[in-house]
Amino acid sequence: VPGRLLLWFTLACCGGFLSQPVFLTCYGAMGIWVFLKLRRTVDSGHGMPILWSTFFPSGVFFVLLYAVDLRFAVNGGGDIYPLWQVIIETLSLTGGGPYALGIPALVAAGLVLGAFGNGLRVMARRRDDRWVFHLLVVVVMPLLLLIVLRRKEVYPRYFIISVFFLIQAVSIGLADLWQRGGAGRA
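Per-chain numbering applies: the sequence of each chain, read as written, is numbered from 1 onward. Only residues with pLDDT of at least 70 get local features here, since the model is predicted, and only at 80 or more are side-chain atom pairs given and counted; chain-wide, interface and lining totals rely on the full set of residues. Excluding hydrogens and water, the side-chain values take into account all heavy atoms of the structure.

Participant: Help me understand the packing of helix H1 (residues 3-19) against helix H2 (residues 23-41) in this model?
Facilitator: Two packed helices can be described by the angle between their axes and the distance between those axes. Taken N-terminus to C-terminus, the directions of H1 and H2 make an angle of 145°; their axes are 8 Å apart at the nearest point. Helix-helix and strand crossings are classified by hand; for H1 and H2 the assignment is left-handed. Where H1 approaches H2, its residues Phe-9, Cys-13, Gly-16 and Phe-17 are matched on the opposing element by Phe-23, Leu-24, Tyr-27 and Met-30. Amino acid classes used here: Ala, Val, Leu, Ile, Met, Phe, Trp, Tyr, Cys and Pro are nonpolar; Asp, Glu, Lys and Arg are charged; the rest, including Gly, are polar. For the contact of H1 with H2, a count of residues per class yields seven nonpolar, one polar and no charged. Interaxial angles span 0 to 180 degrees and are taken between N-to-C directions of axes, which are lines fitted to C-alpha atoms, for helices over the stretch in contact. Each helix is a run of H or I in the DSSP string that is no shorter than four residues. Each strand is a run of E no shorter than two, and both are numbered from the N terminus. Two helices that cross are described as forming a left-handed crossing if the nearer one is turned anticlockwise from the farther one by less than a right angle, and a right-handed crossing if clockwise. In this description, contact between two residues means that some pair of their heavy atoms is separated by no more than 4.5 Å.

What follows is the structure, encoded as structure tokens:
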């Protein structure tokens, strides 16, 4: 990675950690995705140095940020909702549906989830390995973070970074349905 790009990547990741510590889910997904990509495309001896030089500086920044600030953060509490309810609300809001649980929210959440799955399928069919990144950043990393942190208070705003990438995959899935015409356009 050229030095200037590495500097900008490091600064962007540090800014991500400062603005929203849940950026860790995106950072972890990027790290795994780059690792898998390097494993397939670069000689075995060259992949790890590239990975280290790319992610080590911003990783050290996160560790320092945690040691100095984040570990002392106190959760102010709040209402406790079941995780499934928060996920449905987040998906519904992503699709422009209502916040309150009910049939309209379930329909909106189901449509978003279906379009997301179709977007992943389309990317995989095109041999576009971004589907791996989107799956990691939208599903795997947030769930791992929830398991590790064991937080009882979870709200849709905690998934804001995942939703950003969810929308990208959904748009690919919807574009595919539109191009197919017929029922897909409906």
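Participant: Quick question: what am I supposed to make of the packing of helix H6 (residues 130-149) against helix H7 (residues 160-180) here?
Facilitator: Direction vectors running N to C along H6 and H7 enclose 140°, while the axes themselves pass 9 Å from each other. When the axes of H6 and H7 are compared, the pair comes out oblique. As for how H6 packs across H7, the hand of that crossing is left-handed. Residues Arg-130, Phe-133, His-134, Val-137, Val-138 and Pro-142 of H6 form the contact with H7, whose own contacting residues are Ser-162, Phe-165, Leu-166, Gln-168, Ala-169 and Ile-172. Split by residue class, the contact of H6 with H7 holds eight nonpolar, three polar and one charged. Convention used here: angles under 35 degrees read as roughly parallel, angles over 145 as roughly antiparallel, angles from 65 to 115 as roughly perpendicular, and any remaining angle as oblique.

Participant: Could you clarify how one ought to interpret the nonpolar core in this entry?
Facilitator: Soluble globular proteins tend to pack their nonpolar side chains together in the buried interior. In this text, buried Ala, Val, Leu, Ile, Met, Phe, Trp, Tyr and Cys residues form a nonpolar core when linked through side-chain atoms within 4.5 Å. Three exposure classes are used, based on accessible area relative to the maximum for each residue type with a 1.4 Å probe and protein chains only: buried under 20%, partly exposed in between, and exposed over 50%. Among the nonpolar cores identified, the biggest contains 34 residues, and Phe-23, Cys-26 and Met-30 are the most heavily contacted of them. Those elements that place two or more of their residues in this core are H1, H2, helix H3 (44-68), helix H4 (83-94), helix H5 (103-125), H6 and H7. If one sorts the elements of this core by residue count, H5 sits on top with seven residues. Ignoring any residue separated from it by four or fewer positions in sequence, one finds Cys-26 in contact with Phe-133, Val-137, Ile-161 and Phe-165. Counting residues in hydrophobic clusters, the runner-up holds five residues, among them Val-86, Leu-146, Val-154 and Val-163.

Participant: Help me understand a nonpolar patch on the surface, please; the structure alone is not making it clear to me.
Facilitator: Taken together, Ile-32, Phe-35, Leu-36, Met-48, Trp-52, Phe-56, Val-60 and Leu-64 make up a surface patch of nonpolar side chains, about 710 Å² in accessible area. Counting only elements with at least two residues in the nonpolar patch, the list comes to H2 and H3. If one sorts the elements of the nonpolar patch by residue count, H3 sits on top with five residues. For Phe-35, the position within the fold is in helix H2. The patch calculation keeps residues exceeding 30% relative accessible area without a salt bridge and links them within 9 Å when they carry like charges or within 5 Å when they are nonpolar (Val, Leu, Ile, Met, Phe, Trp, Tyr). In this description, accessible areas are obtained by the Shrake-Rupley approach with a 1.4 Å probe, and a residue is regarded as covered only by the protein chains that are shown. Salt bridge criterion: a side-chain nitrogen from Lys or Arg within 4 Å of a carboxyl oxygen from Asp or Glu.

Participant: Honestly, the pattern of salt bridges in this entry has me stumped. Any pointers?
Facilitator: Think of it this way: side chains of opposite charge can pair up when their charged atoms draw near. Tallied over the entire structure, the rule returns five salt bridges. Here Arg-121 and Asp-176 are joined by a salt bridge, their closest N and O atoms 3.2 Å apart. On the criterion of sequence distance, the pair formed by Arg-121 in helix H5 and Asp-176 in helix H7 is long-range, its members being 55 residues apart. For Arg-130, the salt bridge identified is with Asp-128, shortest N-O distance 2.6 Å. Taking relative accessible area as the criterion, Asp-128 reaches 18% and is therefore assigned buried. Taken together, the shared-partner salt bridges in this structure form one network comprising Arg-121, Arg-125, Asp-176 and Arg-180.

Participant: Would you mind showing me how to read the packing of aromatic side chains here?
Facilitator: The geometry of an aromatic ring pair is captured by two quantities: the separation of the ring centres and the angle between the planes. Any two of the Phe, Tyr and Trp rings considered here, Trp counted by its six-membered ring, make a pair once their centres fall within 6.5 Å; the pair's planes then place it as stacked at under 30 degrees, edge-to-face at over 60, or tilted in between. This model, assessed by the stated rule, comprises twelve aromatic pairs. Note on Phe-9 and Phe-55: the rings are 5.4 Å apart at their centroids and 80° apart in plane angle, and the pair reads as edge-to-face. One end of the pair, Phe-9, is in helix H1; the other, Phe-55, is in helix H3, and 46 residues separate them in sequence. With centroids separated by 4.7 Å and ring planes inclined at 45°, the aromatic side chains of Phe-17 and Phe-62 adopt a geometry described as tilted. Placement of Phe-17 in helix H1 and of Phe-62 in helix H3 is noted, with a sequence separation of 45 residues between them. Among the residues examined, Phe-17 registers a relative accessible area of 1% and is labelled buried. Among the aromatic residues, ring-to-ring pairing joins Phe-9, Phe-17, Phe-23, Tyr-27, Phe-55 and Phe-62 into one connected group.

Functional significance is not addressed by these values, which are geometric in nature.
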